[in-house]
Amino acid sequence: MESVKVMFHSMEEAQKFVLSIENYPFNVDLQIGRRVIDGKSILGILGFGLHQMLELHVHTDDYAALDGFHDKIRGFICGDVMEVAI
C-alpha cells in the first residue's frame, strides 16, 4: 500500500481526479481522520468537502501501474509520497 496527501479546490478538480483514476484495477481510498471513502467516488469526495488535506491510499504492489498513476494525480498531490508496509 502507498499513501500520499491530496487536496481538491473545486468540484471540477475532484471530477477530473475521479475520471483520471477510475479505470485502474486496484482500490483507492481517501481518508480524513477515521473516515474512509472510495477514492473513485465523486460523491464521497464532495462529502468530505473541498480545501481539505486528504490521505490517499493506493492498494497495489504493481509498481509499473503506480508510475502511470502518479503521473495522472501529480496535480493533486500536496506532499511527499509515503511508502507504507502492512
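Higher on the page you've got the structure.
Criteria and thresholds
Residues numbered from 1 in each chain as written. Predicted model: local features only at pLDDT ≥ 70, side-chain atom pairs only at ≥ 80, totals over all residues. Heavy atoms only, no water. Core = buried A, V, L, I, M, F, W, Y, C linked by side-chain atoms within 4.5 Å. Buried < 20%, exposed > 50% of the residue type's maximum accessible area, 1.4 Å probe, protein only. Helix = DSSP H or I, 4+ residues; strand = E, 2+ residues; numbered from the N terminus. Contact = heavy atoms within 4.5 Å. Lys, Arg positive; Asp, Glu negative; His and termini not counted. Salt bridge = Lys/Arg side-chain N within 4 Å of Asp/Glu carboxyl O. Polar contact = N/O pair within 3.5 Å; in protein donor to acceptor, adjacent residues only side chain to side chain. Pairing = 2+ DSSP bridges.

Draft legend 1. Representation of the nonpolar core in the model. By size, the foremost hydrophobic cluster in this structure holds 22 residues, and its most contacted members are Phe8, Phe17, Leu30, Leu56 and Phe69. Of all the secondary-structure elements, those providing two or more residues to this core are β1 (2–6), α1 (11–21), β2 (27–32), α2 (42–48), β4 (54–59) and α3 (63–73). Other than its neighbours up to four places away in sequence, leucine 56 contacts Glu2, Ser3, Val4, Val6, Phe17, Val28, Asp29, Leu30, Phe69 and Ile73.

Draft legend 2. Expanded view of the side chain of glutamate 2. Tracing the backbone through its elements, the reader meets glutamate 2 in strand β1. Although glutamate 2 is buried, it makes no salt bridge; arginine 74 carries the closest opposite charge, 11 Å away. Side chain to side chain, glutamate 2 and histidine 70 meet in a polar contact 2.5 Å long.

Draft legend 3. Spatial organisation of the pairing of β4. Two strands pair when backbone bridges link them, and β1 and β4 are joined in this way by 5 bridges, in the antiparallel orientation. Bridge pairing links valine 6 to leucine 54 in β4. One ladder, built from 5 bridges, connects β2 with β4; its direction is antiparallel. Considered in β4, the bridge of aspartate 29 is made with histidine 57.

Draft legend 4. Structural context of the environment of histidine 57. The residue histidine 57 is located in strand β4 in this model. With 46 residues separating them in the primary sequence, histidine 57 and methionine 11 have C-alpha atoms 21 Å apart. A distance of 2.8 Å separates the side chain of histidine 57 from the side chain of glutamine 31, its partner in a polar contact.

Draft legend 5. Molecular detail of the pattern of salt bridges. Overall, the coordinates contain 2 salt bridges when judged by the stated rule. The partner of glutamate 55 in a salt bridge is lysine 5, with the nearest N and O atoms 3.5 Å apart. Of the two residues, glutamate 55 is situated in strand β4 and lysine 5 in strand β1; the sequence distance between them amounts to 50 residues. As a salt-bridge pair, arginine 74 and aspartate 71 come within 2.4 Å of each other at their nearest N and O atoms.

Draft legend 6. View of the pairing of strand β3 (residues 35–38). Pairing of β2 with β3 involves 4 bridges; the strand directions are antiparallel. Its bridge partner being in β3, leucine 30 is matched across the sheet by isoleucine 37. Remark: 2 residues form the turn of the hairpin made by β2 and β3, two consecutive strands paired antiparallel; glycine 33 in that turn has positive phi of roughly 65 degrees.

Function cannot be inferred from these measures alone, as they are strictly geometric.
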